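# Chain and residue survey
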Amino acid sequence: MIRFEARPAPSRLMSALSPLVALLATVAVAALLFLALGKDPVQGLSVFLVEPLRGARALSEIGLKSTPLILCALGLSLCYRSNVWNIGAEGQFLLGAIGGGGLALWVTAGELAISRWAFFPLLILAGAAAGAAWAAIVALLRDRFHASEILVSLMLVYVANLVLSYLVFGPWKDPHGWNFPQTMSFAEATAVPRLARGMRLHAGFPFALLVTAAAWLFTFRTYRGLQLQVGGAAPAAARYAGFSARSSLWTVLLTSGALAGIAGAFEAAGPMGQLTPHVSTGYGFTAIIVAFVGRLHPLGCVLGSGLLSMFLIGGELAQSRVGLPAALTGVFQGVLLLALLACDTLIHYRPRWTSTR
Amino acid sequence: MKKLLDNLVLAAALVAVAGLFGCSKEQPAPAPAPAAPAPAPKPEPLKAAWIYVGPVGDAGWSYAHDLGRKAVEAKYGDKIKTTFVEKVPEGPDAERVIRDLVAQGNKIIFATSFGYGDAMEKVAKDFPDVYFEHATGYKTGPNLRVYEGRFYEDAYLAGVVAGRMTKTNVLGFVASFPIPEVLRNINAYTLGAQSVNPKVKTKVVWVSSWFDPPKETEAAQSLMNQGADVLLQNTDSTAVLQAAEKAGKYAFGWDSDMSAFAPKAHLASCALNWGVYYDKAIGDVLGKTWKTEVNKWGIKEGANDFVKVADFIPADVKKQLEDAKAFLVANPGAVFRGPIVDNTGKVVLAKDTVADDKWKGEINFYVKGVEGKVPSGK
Amino acid sequence: MNELALLLAATLSAGTPLAIAGLGLLVNEKVGVLNLGAEGMMLVAAVAGFAVSYHTGGEWLAFAAGAVAGGLVAAAFGWLVIWLNTNQYATGLAVSLFGGGFSAFVGVDYVGRKLAERPDHALPWLGDLPFLGTALFRQHPMVYLAILAAVGIAWFLYRTRAGLVLRAIGESPESAHALGYPVRRIRLAAVVAGGALCGVSGAYLSVVYAPLWVEGMTAGRGWIALALTVFATWRPARVLLGAYLFGGVTMLQLHLQGRGVQLPNEFMGMLPYLATIAVLVLISRNPTWIRLNMPGSLGKPFFPGL
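All figures in this text were calculated on a predicted structure; none of them were measured in a lab. (Residues numbered from 1 in each chain as written. Chains lettered and ligands numbered in written order. Predicted model: local features only at pLDDT ≥ 70, side-chain atom pairs only at ≥ 80, totals over all residues. Heavy atoms only, no water.)

What follows concerns the pattern of salt bridges. For the structure shown, the criterion picks out 39 salt bridges over all chains. Taking the shortest distance from any N to any O, the salt bridge between A:Asp143 and A:Arg246 comes out at 2.9 Å. Of this pair, A:Asp143 sits in helix H5 (residues 116-145) while A:Arg246 sits in helix H10 (residues 245-272), and the two are 103 residues apart along the sequence. In this structure, B:Asp100 and A:Arg321 form a salt bridge, with 2.6 Å as the shortest nitrogen-oxygen distance. Residue B:Asp100 is found in helix H3 (residues 92-103), and its partner A:Arg321 is found in helix H12 (residues 298-322); the two belong to separate chains. Take B:Asp100: its relative accessible area is 15%, and that puts it in the buried class. Taking the relative accessible area as the measure of exposure, A:Arg321 reaches 29% and is therefore partly exposed. A single network of salt bridges, built from pairs that share partners, joins A:Glu61, A:Lys65, A:Arg200, A:Glu316, B:Asp93, B:Glu95, B:Arg96, B:Arg99, B:Lys122 and B:Asp126. (Salt bridge = Lys/Arg side-chain N within 4 Å of Asp/Glu carboxyl O. Helix = DSSP H or I, 4+ residues; strand = E, 2+ residues; numbered from the N terminus. Buried < 20%, exposed > 50% of the residue type's maximum accessible area, 1.4 Å probe, protein only.)

So this is what it looks like as structure tokens:
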């Protein structure tokens, strides 16, 4: 019988190996699934893990898809470290798209003359404000009424979807768009500046990397960051030390909402160039996985975003190249996360064989 | 520091795994049959690709397109090779999928939903020697054209049958999103019913989805609870039909032949037959006669049809149906002919006028007899 | 008048899957485990139930299959959070995501399939009563079973020894452990039982409610069931009430549309979710009340021997 025995100190070896083991476990499950479906496992795995990285355009697409994931995951990591379980990043993303998109629409409709680089910070502000406002609702209800942030943030996702729907079917509908649910195409001036000709990767990506650095500094090198971490890991100690749980709550929720909102604004003004009901493909939820795969660490968020973008893009390629069903991507994401959580146990516990007592 | 370390390990793992596979030989393209000294070199098959917005098995919209794809595959045999990608979101991802399909050598791409328009336009500009066909769109270019079905003709015929089969004079419509296509269908259904039964009223419920069986069931239930006894839908599943069967009311199949799902409730199916159009499109490419145009095909061309009309429908209703169908075949698209009044009393189409594409494209009202207001926030 | 009766009937029917899942989650939470994987369990059970019903034509067999499927996923979840002590929130989310993807994957061949015809249900004499008959007594047996389950679970929790032990473990697993109870095994049993109930709810959705399978068909009902346990303050009878309230608002919104009520339909669509938030706020307002009713060890890991 295997017993798990607490280690005297967390194992550094397992800490380093755990994500690797989880990834290998996922790859193994993937190979088995491919075999079960009658497909060549090597080809299948290569489509998921190698094809998405082949070539400059492919890498640019990974970067493009990672941008919203990184931003959302950074905010969520901060929340989860502080034991605030915000699962409504998707809703905050949508509100950010509405905010940024709304600003772009205003510029487009008014035909205002503005340079792209001048618009860029305004876009960020608009997205951040809208996303933070949506998250503020969650913070307020938890602060004043002790309502669970898990449930409120999740219900607000459904509401945010409907708000977006209302806007693109109603007041913001393009008058020359044949009555279809979409806004006008945003003016050139509002587009997020691209990094290379012909590629879709835009300035949001380096911005996300900058925010990553800032997040790292904040979490690990500032007093406030320490307060947040302690508040999450040992609430009683935090209280004793006088750290305000209320101010932590507001800080992390507003930050997380703002970051998700910026991600949404970038998606709307960047690759989409207009607002439609399809601005998000579940980035807010995928970001939750990214945050955990990245161990709630800013650098991990970047790497996790890259990995999950690969899975997502690989899933698309797998359909047309290998004939695999679209649902596989979700399976792999889930398996990765579960494997990671299981492997993480080995950091704190040591398996021991004992004879049955 | 520990976290930094293990994240570096994760990165290393990623690179290692990628390298492992990258080192394996590039997958060979599907090899053509080994050539024994052939009399004449067989021409490379034309590669054609489809992208769908939903799952292929939904028995609805994407399923109907896939049936079309299979039809041309069967017809053209080894002259073409088809591929498809399903559940492609209508957003930035679509562009990537389309580009990849082009990179894989496909020479004609069919995008089967409105939301793919922008992506198609962008990729079409970059690849002038590839043909792009966009369903239910409106953007065209030198190598991009649009195609659409006159679905409202089927809805009109459904109305003709419904108007006679209803006992309560209340019809129900389970609608997805208030886009022009859906509004045309609601109005055509009502106009068709009123042509045989002027007392008919239509109630509409919006489910804000193209495919959501539990929601569609609830909507159908709600309509029947309010007295509707013949239902039509613009959503893609068989839920509405099945709900009607359970409640002992009538309904129609939509997108494909759904008669097997509800033998007692099924009056007829408004079936799509994209194969007819795809045949033309592939034929255009193979015969080098492809040109930019806007094709809106309907019953006359065989692109949609009103099929599996139930046996238990009385003969005189069937006769009225046949007459209406003949009229539509002779006058394609003439479902909307004046005078038409909207449900606020305003005349929206003058007497003896036939609606043109602009009128049909910008429709945003309900005709008289439909209850409620078009959801638009205005 | 008949319309009102029909609306009530629809409310009962719409609330039943929420009620059953809510009861399952209640059992989980009473023993101290927060199960965020309900959505995934319901989806896996829905596809399992549909597949079984498709191949065998049976309905109750399908519910059993759903229960087994839900229970199996819950067992895996339980092993992770109880024995390996992984973070309950993260593991639950992972199970939800995995369940969504897995059910979609397994269910690919079942999209667009039809199940065998089912007869209408009506209680013999009661079903013919003028108003109440239509409103209450023409339902699928599962609706009545949900009510019975609520009664049964309440009786089990508050009137039996086993229930007392379960609640004790939920309040303070350390004390129960000190008294010699096999805390982890009882917790696992409760998690599996709760998962089985979520499974029945999922199977009901795919086999009876909208007899079709499509991926993601639970459409957030698992999450709403979670909300239900909170605003029921962890009492079975109130879970039922909350479920019917939510089902009622959903059906009412559709009903109003059909009536031609002039509100933008997106706002109508928001009603159920806003209602959930509103009730949640009302219930949570009083922290003492929450503290009194919430199982003390909810969400916290338990380490025997520490």
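Residues and elements named next belong to chain B. Ordered in space as S7-S6-S8-S9-S10-S12, the six strands form an open sheet in which the pairing is mixed. The open sheet has two edge strands with one neighbour each: strand S7 (201-206) and strand S12 (304-307). For this sheet, the mean angle separating the axes of adjacent strands, direction not counted, is 20°. In terms of strand pairing, strand S6 (residues 170-175) meets strand S8 (residues 230-233) through four bridges, oriented parallel. Looking at the pairing, Val174 lines up with Gln233 of S8. (Pairing = 2+ DSSP bridges. Axes fitted to C-alpha atoms, helices over the stretch in contact; angles between N-to-C directions.)

Residues and elements named next belong to chain A. Note on placement: Leu95 falls in helix H4 (residues 89-110). Along the primary structure Leu95 and Ile262 are separated by 167 residues, whereas in three dimensions their C-alpha atoms are 9.4 Å apart. Excluding its chain neighbours within four sequence positions, the residues that come into contact with Leu95 are Ala130, Trp134 and Ala160. (Contact = heavy atoms within 4.5 Å.)

All names here are of chain B. In space, the six strands of this open sheet follow the order S2-S1-S3-S4-S5-S11, with parallel pairing throughout. Both edges of this open sheet fall to strand S2 (80-85) and strand S11 (294-297), since each of them pairs with a single strand only. Between one strand and the next, the sheet's axes are offset by a mean angle of 20°, whatever the strand orientation. Taken together, the four bridges between strand S1 (residues 46-51) and strand S3 (residues 108-111) define a ladder with parallel strand orientation. Its bridge partner lying in S3, Ala49 is registered against Ile109. Across the face of the sheet, H3 comes into contact with S1, S2, S3 and strand S4 (131-135) while running at roughly 165° to S1. Packed on one face of the sheet, helix H9 (residues 274-286) meets S1, S2, S3, S4, strand S5 (144-149) and S11 and runs near 160° to S5.

With that settled, the discussion passes to the packing of aromatic side chains. Taken as a whole, this structure holds 49 aromatic pairs over all chains when the rule is applied. Aromatic pair B:Phe177 and B:Trp210: ring centres 5.8 Å apart, planes at 55°, arrangement tilted. With B:Phe177 in the loop between S6 and helix H6 (180-196) and B:Trp210 in the loop between S7 and helix H7 (213-225), this residue pair connects regions lying 33 residues apart in the sequence. Judged by centre distance (6.0 Å) and plane angle (80°), the rings of C:Tyr54 and C:Tyr110 are edge-to-face. In this pair, C:Tyr54 sits in helix H2 (residues 38-56) while C:Tyr110 sits in the loop between helix H4 (88-106) and helix H5 (131-136), placing the two residues 56 residues apart along the sequence. What makes C:Tyr54 partly exposed here is its relative accessible area of 30%. A relative accessible area of 15% places C:Tyr110 in the buried class. Taken together through their ring pairs, the aromatic side chains of B:Trp50, B:Trp61, B:Phe110, B:Tyr147, B:Phe151, B:Trp274, B:Tyr277, B:Tyr278 and B:Trp297 make up a single cluster. Over the ring of A:Phe145 we find A:Arg144, and its NZ or CZ is 5.3 Å from the ring centre. (Phe/Tyr/Trp six-rings, centres within 6.5 Å; stacked < 30°, edge-to-face > 60°. Lys NZ or Arg CZ within 6 Å of the ring centre and 35° of its normal.)

What follows is about the interface of chain C and chain B. Across the contact, 30 residues belong to chain C and 33 residues belong to chain B. Summed over the three residues of chain C that lose the most area to chain B, namely C:Lys114, C:Leu212 and C:Leu254, the buried surface amounts to 19% of that side. Inspection of the chain C/chain B interface yields two salt bridges. The closest approach of N and O atoms between B:Lys87 and C:Glu215, which form a salt bridge, is 2.5 Å. Inspection of the chain C/chain B interface yields 10 residue pairs in polar contact (both at pLDDT 80 or more). Elements supplying a minimum of two residues to the side of chain C that touches chain B: helix H1 (2-30) and helix H11 (236-258) of chain C. The dominant element in the side of chain C that touches chain B, judged by the number of residues it contributes, is H11(C), at six residues. For the side of chain C that touches chain B, a count of residues per class yields 14 nonpolar, eight polar and eight charged. (Buried area = accessible area lost by both parts, 1.4 Å probe. Polar contact = N/O pair within 3.5 Å; in protein donor to acceptor, adjacent residues only side chain to side chain. Nonpolar A, V, L, I, M, F, W, Y, C, P; charged D, E, K, R; others polar.)

With 98% of its residues at a pLDDT of at least 70, chain C reaches an overall mean of 86. The ipTM assigned to the predicted complex is 0.82, against a pTM of 0.85. (pLDDT = per-residue confidence, 0-100.)

This brings us to the packing of H7(B) against helix H8 (residues 239-247) of chain B. A pair of packed helices can be characterised by two numbers: the angle between their axes and the separation between those axes. Residue and element names in this part refer to chain B. Look at H7 against H8: their axes get within 8 Å of each other, and the N-to-C directions meet at 45°. The orientation of H7 with respect to H8, classified from their angle, is oblique. Judged by the twist between their axes, the crossing of H7 over H8 is right-handed. Only Ala239, Val240, Ala243, Ala244 and Ala247 of H8 make contact with H7, whose side of the interface consists of Pro213, Glu216, Thr217, Ala220 and Met224. (Parallel < 35°, antiparallel > 145°, perpendicular 65-115°, else oblique. Left-handed = near helix turned anticlockwise from the far one by under 90°.)

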